[in-house]
Amino acid sequence: MIEIRKVQTANGRRISMFLQSQERRVIDAKNLTLFPALIDPHVHFRTPGAEHKENWETAAKAAIAGGVTTVLDMPNNMPACYNRERFEEKKRLIDEQLKRVDIPLRYYLYLGADEHHLEEIASLASEIAAVKIYMGSSTGDLLMNNPDALDKAFRIAAENDVMIAVHAEDEKLLQTRREQYAGETDPAFHSQIRSSQVAVQALQEALSLVEKYGTRLYVAHVSTVEEIALIRKAKYKGLPVYAEVTPHHLFLTDEDYASLGTKALVNPPLRSKADAAALWDAIEDQTIDTIGTDHAPHTLEEKTKPFGQAPSGFPAIELYFPLLLNAYHENKLTLAQIISLTHTRPQEIFRIPRNEDVVLVDLETVRTVDDAELHTKVKWSPYQGKTLKGWPRYTIASGRLFDVQAL
Ligand code: DOR
Ligand code: ZN
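Residues numbered from 1 in each chain as written. Chains lettered and ligands numbered in written order. Predicted model: local features only at pLDDT ≥ 70, side-chain atom pairs only at ≥ 80, totals over all residues. Heavy atoms only, no water.

### A few points about the site of ligand 1
- Close to ligand 1 lie 13 residues, the nearest being Arg 46, Asn 76, Ser 138, Thr 139 and Asn 267.
- Between an oxygen atom of ligand 1 and a side-chain N or O atom of Asn 76, the distance comes to 2.8 Å.
- Contacts to ligand 1 include Gly 313, whose backbone N or O atom sits 3.4 Å from an oxygen atom.
- Surface burial for ligand 1 is 100%, taken as the share of its 280 Å² of free accessible area covered by protein chains. (Near = heavy atom within 4 Å. Polar contact = N/O pair within 3.5 Å; in protein donor to acceptor, adjacent residues only side chain to side chain. Areas by Shrake-Rupley, 256 points an atom, 1.4 Å probe, with all protein chains shown as cover.)

Written as structure tokens, this is what we have:
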């Protein structure tokens, strides 16, 4: 049994509580605030095939340090996770790695959509978090840009009550624009190549298939004013559409290319201040349902290659909660909104069973991000040097107490 004494709740009450556990621990939580543990619906933990960037040993520590006890992992691995055999093998490797660090991280896996393996959707329906469709290419080789295959995937998913998660960037338009900007060496052109129109075109196609089949659709990393308008309209119509935003599209903008250079590359790209403001508004009116970190580590060596060779993506999971708690102190979010975005909505949308996992936070701790202290294997972040107020202190996962300062 773990006894948590006199903890503050997010709505300002003070309670004591007991959690089921093999351990007998008493935590004096007078200075701490209680949250349900976070669910991160969008991570790339890199197993199998890119374990030099991350694995589940380092990633599990990063997650727990960030107050996250459930993750939903993307299928763009090497090899890509698009059939039962690869799905089972991936789970086996993950379980082995989690066992090695003895961390009971809860996880669900996305199935990658591949036009030659769409029958796998029905067979794995009850075991997967959702089907992930890359409408435009990103890291890895998963891509679905054939309209007939896309139509079929949305139909099969609807028939099996499986959700589709889309990376909505239109491959054809992307290729055209890449050619237009060929030879440019400034990484800021990434945001021009992968323009708002690239995202909008793909999203419109996905939404028309939702209208056709009623497929549940999770729009990953929404990043523009225009996508928000489309999703808001789809929700008004009563379509089963859900939207995710990443920390980097909330807290970084295209002005950050100046200091970050190729490290700022991410897909979809960093956007304007006006886009970021629209995302904050969309949190306010609940057009945005969830925050997913899109934790997508690449080594610093890879990230600092010239534009054109450097890969896209940021590590993020451990700073996800501190960034949001800091935003609370800046009056951008309420604690209730944080709980909804990081726990309640992901739980509802992905139909994740309830559990007792919690995180105890010291809302008053002020710390400056030091990349060297991060648990992610790649030991860098786009937030180096930022001072944040509000940090997790203890994470309790499946009755196991983790002191985040001792991981
Ligand atoms: O920036 C990104 N990185 N976007 C993606 O879609 C994939 C991710 C990765 O896996 O590196
Ligand atoms: Zn992603």
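### Some thoughts on the sheet that holds strand E12 (residues 241-245)
- One open sheet holds the 6 strands; their spatial order is E8-E9-E10-E11-E12-E13, and the pairing between them is parallel. With one partner strand each, in any of the chains shown, strand E8 (111-112) and strand E13 (290-291) form the two edges of the open sheet.
- As judged from the 2 bridges shared by E8 and strand E9 (residues 131-134), these two strands associate in the parallel manner. In the sheet register, Leu 111 faces E9, and the bridge partner there is Val 131.
- Its contacts with the sheet put helix H4 (residues 147-159) on E9, strand E10 (164-167) and strand E11 (217-219), and the angle it makes with E10 is roughly 150°. (Pairing = 2+ DSSP bridges. Helix = DSSP H or I, 4+ residues; strand = E, 2+ residues; numbered from the N terminus. Contact = heavy atoms within 4.5 Å. Axes fitted to C-alpha atoms, helices over the stretch in contact; angles between N-to-C directions.)

### Description of the coordination of the zinc ion (ligand 2)
- At the metal site, the zinc ion (ligand 2) is ligated by His 42 (NE2), His 44 (NE2) and Asp 294 (OD), and these contacts range over 2.0 to 2.2 Å.
- All donors of the zinc ion (ligand 2) belong to a single chain; written as a sequence motif, their spacing is H-x1-H-x249-D. Of the two residues, His 42 is situated in strand E5 (residues 38-43) and Asp 294 in the loop between E13 and helix H12 (300-303); the sequence distance between them amounts to 252 residues. Just as His 42 is buried, Asp 294 falls in that class too. (Donors = N, O, S within 2.8 Å, 3.2 Å for Na, K, Ca; no water. Buried < 20%, exposed > 50% of the residue type's maximum accessible area, 1.4 Å probe, protein only.)

### Notes on the nonpolar core
- Of all hydrophobic cores here, the largest spans 103 residues; its most connected members are Ile 133, Phe 154, Val 166 and Leu 217.
- In terms of residue count, the dominant contributor to this core is helix H7 (residues 196-213) (7 residues).
- Here Leu 217 is in contact with Phe 154, Met 163, Ile 164, Val 166, Ala 206, Leu 207, Val 210, Pro 240, Val 241 and Tyr 242, once residues within four sequence places are set aside.
- Grouped together as the second largest cluster of nonpolar side chains are 17 residues, Leu 72, Tyr 110, Tyr 134 and Tyr 218 included. (Core = buried A, V, L, I, M, F, W, Y, C linked by side-chain atoms within 4.5 Å.)

### Examining the packing of H7 against helix H8 (residues 225-236)
- One can describe the packing of H7 onto H8 by two numbers: an axis separation of 9 Å at closest approach and a directional angle of 20°. With respect to H8, the axis of H7 lies roughly parallel. For the pair H7 and H8, the crossing hand works out as right-handed. Residue-level inspection shows Ser 196, Ala 199, Val 200, Leu 203, Gln 204 and Leu 207 of H7 in contact with H8, the latter providing Glu 226, Glu 227, Leu 230, Ile 231 and Ala 234.
- In the contact of H7 with H8, the residues fall into 7 nonpolar, 2 polar and 2 charged. (Parallel < 35°, antiparallel > 145°, perpendicular 65-115°, else oblique. Left-handed = near helix turned anticlockwise from the far one by under 90°. Nonpolar A, V, L, I, M, F, W, Y, C, P; charged D, E, K, R; others polar.)

### Structural notes on the packing of H8 against helix H11 (residues 273-284)
- Where H8 contacts H11, the two axes come as close as 8 Å, and the packing angle between them is 25°. Our classification of the angle between H8 and H11 gives roughly parallel. The segment H8 lies against H11, with Val 225, Glu 226, Ile 228 and Arg 232 engaging Ala 274, Asp 275, Ala 278, Leu 279 and Ala 282.
- A class-by-class count of the residues in the contact of H8 with H11 yields 6 nonpolar, no polar and 3 charged.

### A word on the environment of Lys 99
- Tracing the sequence through the fold places Lys 99 in helix H2 (residues 84-101).
- The sequence separation of Lys 99 and Glu 54 amounts to 45 residues, and the corresponding C-alpha distance is 16 Å.

### Notes on the pairing of strand E14 (residues 358-368)
- With 4 bridges connecting them, strand E4 (residues 33-36) and E14 associate as antiparallel partners. Directly across from Leu 34, in E14, lies its bridge partner Leu 360.

### Observations regarding the sheet that holds E5
- The parallel open sheet is built from 3 strands, whose spatial order is E5-E6-E7. Of all strands in the sheet, those bounded by a partner on one side alone are E5 and strand E7 (106-109). Strand-to-strand twist in this sheet, taken as the mean axis angle between neighbours without regard to direction, amounts to 20°.
- Of the pairings in the sheet, the one linking E5 to strand E6 (residues 68-73) comprises 4 bridges and is parallel in character. In the strand pairing of E6, Val 43 is matched with Asp 73.

### Side note on the packing of aromatic side chains
- The full count for this structure, using the stated rule, is 8 aromatic pairs.
- Pairing Tyr 110 with Phe 350 gives two aromatic rings, centres 6.2 Å apart and planes at 80°, and the pair type is edge-to-face. In this pair, Tyr 110 sits in the loop between E7 and E8 while Phe 350 sits in the loop between helix H14 (335-349) and E14, placing the two residues 240 residues apart along the sequence.
- Tyr 110 gets classed as buried once you look at its relative accessible area, which sits at 0%.
- Under the relative-accessibility criterion, Phe 350 is labelled buried at 9%.
- Here the aromatic residues Phe 45, Trp 56 and Tyr 107 are joined through ring pairs into a cluster of three or more.
- One Lys or Arg, Arg 367, reaches over the ring of Trp 391 and ends 4.0 Å from the middle of that ring.
- For Arg 393, the ring lying beneath its charged end belongs to Tyr 394, and the centroid distance is 4.7 Å. (Phe/Tyr/Trp six-rings, centres within 6.5 Å; stacked < 30°, edge-to-face > 60°. Lys NZ or Arg CZ within 6 Å of the ring centre and 35° of its normal.)

### Concerning H4
- In this model H4 runs 18 Å from its N-terminal to its C-terminal C-alpha over 13 residues, within 8% of the 18 Å that 1.5 Å per residue would give.
- Burial in H4 covers these residues: Ala 149, Leu 150, Asp 151, Ala 153, Phe 154, Ile 156 and Ala 157.
- Each element contacted by the buried residues of H4 is listed here: helix H3 (120-124), E9, E10, H7 and E11.
- In the segment just after H4, Asp 161 is the residue with positive phi, at about 55°. (Expected span 1.5 Å × (residues − 1).)

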